[in-house]
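Overview (structure and organization)
For reference, the chains in residue letters:
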Amino acid sequence: MTAPTITALEQAFRKCSDCSLHADYLPLLERLETCDLTAEHIAYLQEKCLSKKHMWEIRFEHLRVLLLNPEAQNYNLKEFFSARVKASRQLSMKLFYIRGLAMYATEAELEPVMEKYCVSLKKTHDYMDYNEILSVAGL
């Protein structure tokens, strides 16, 4: 299966609202999970992950492609994931960025990150975060 073009992705994404993905966009995004990704696709997905305009669920759908597509590991995304771990305030999203970082970092590099995460987890009492963190996809 071939990857959708960036133009097709952008056109379908324009139909999405700030809080939900359009039905025309979802199949294109799902195709990205299994097809060969180009540097353009990686840049597009990173841009959507960083978008503050959209709700975290929309940003997560783009992050999911970076985490699930084995082709994405051919691109060095260590700096991207590391920066997102540091910048993310929502613990559930931070957990997924840590998962991405784990694909590129050594165990010694991940230890301090996980220690900080555990400290944050003890401080925070956000019910939404705990639901996501304790889900099947979380911890």
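Residues numbered from 1 in each chain as written. Predicted model: local features only at pLDDT ≥ 70, side-chain atom pairs only at ≥ 80, totals over all residues. Heavy atoms only, no water.

Let us look at the side chain of Glu33. By secondary structure assignment, the location of Glu33 is in the loop between helix H2 (25-32) and helix H3 (39-50). Looking at Glu33, the relative accessible area reads 18%, which means it is buried. Apart from the residues within four sequence positions on either side, Glu33 is in contact with Arg64, Val65, Leu68, Asn69 and Pro70. (Helix = DSSP H or I, 4+ residues; strand = E, 2+ residues; numbered from the N terminus. Buried < 20%, exposed > 50% of the residue type's maximum accessible area, 1.4 Å probe, protein only. Contact = heavy atoms within 4.5 Å.)

Positionally, Arg31 belongs in helix H2. When the C-alpha positions of Arg31 and Val65 are compared, they lie 9.2 Å apart, and in sequence the two are 34 residues distant.

This part is about the layout of surface pockets. Here the largest pocket defines a volume of roughly 190 Å³. Looking at the largest pocket, the residues that line it are Ser82, Val85, Lys86, Lys94, Leu101, Pro112, Val113, Lys116, Tyr117 and Ser120. Secondary structure elements with two or more residues in the lining of the largest pocket: helix H5 (78-87), helix H6 (91-102) and helix H7 (107-123). Residue composition of the lining of the largest pocket, grouped by class: 5 nonpolar, 2 polar and 3 charged. (1 Å grid on protein atoms, 1.4 Å probe; cavity = no way out; pocket = protein on both sides within 12 Å on 5 of 7 lines; lining within 4 Å. Points joined across faces, edges and corners; volume = space filled by probe spheres on them. Nonpolar A, V, L, I, M, F, W, Y, C, P; charged D, E, K, R; others polar.)

Let's shift gears to the side chain of Arg84. With respect to the secondary-structure elements, Arg84 resides in helix H5. We note that Arg84 is buried and unpaired, the nearest opposite charge coming from Glu79 at a distance of 13 Å. Not counting the four nearest positions on each side in its chain, Arg84 is found in contact with Leu50, Lys52 and Tyr97. (Lys, Arg positive; Asp, Glu negative; His and termini not counted. Salt bridge = Lys/Arg side-chain N within 4 Å of Asp/Glu carboxyl O.)

Another point: the packing of H6 against H7. Where H6 contacts H7, the two axes come as close as 11 Å, and the packing angle between them is 170°. Comparing their axes, H7 and H6 come out roughly antiparallel. Within the contact between the two elements, H6 uses Leu91, Lys94, Leu95, Ile98, Leu101 and Ala102 and H7 uses Leu110, Val113, Met114, Tyr117, Ser120 and Leu121. Of the residues assigned to the contact of H6 with H7, the class counts are 10 nonpolar, 1 polar and 1 charged. (Axes fitted to C-alpha atoms, helices over the stretch in contact; angles between N-to-C directions. Parallel < 35°, antiparallel > 145°, perpendicular 65-115°, else oblique.)

All right, on to the nonpolar core then. Counting residues in hydrophobic clusters, the biggest one holds 41 residues, and the most contacted among them are Tyr25, Leu32, Leu63, Leu66 and Phe81. Counting residues per element, the ones that place at least two in this core are helix H1 (6-13), H2, H3, helix H4 (56-68), H5, H6 and H7. Setting aside anything within four residues of it in sequence, one finds Leu32 in contact with Ala3, Pro4, Leu9, Leu37, His41, Leu45, Val65 and Asn69. (Core = buried A, V, L, I, M, F, W, Y, C linked by side-chain atoms within 4.5 Å.)

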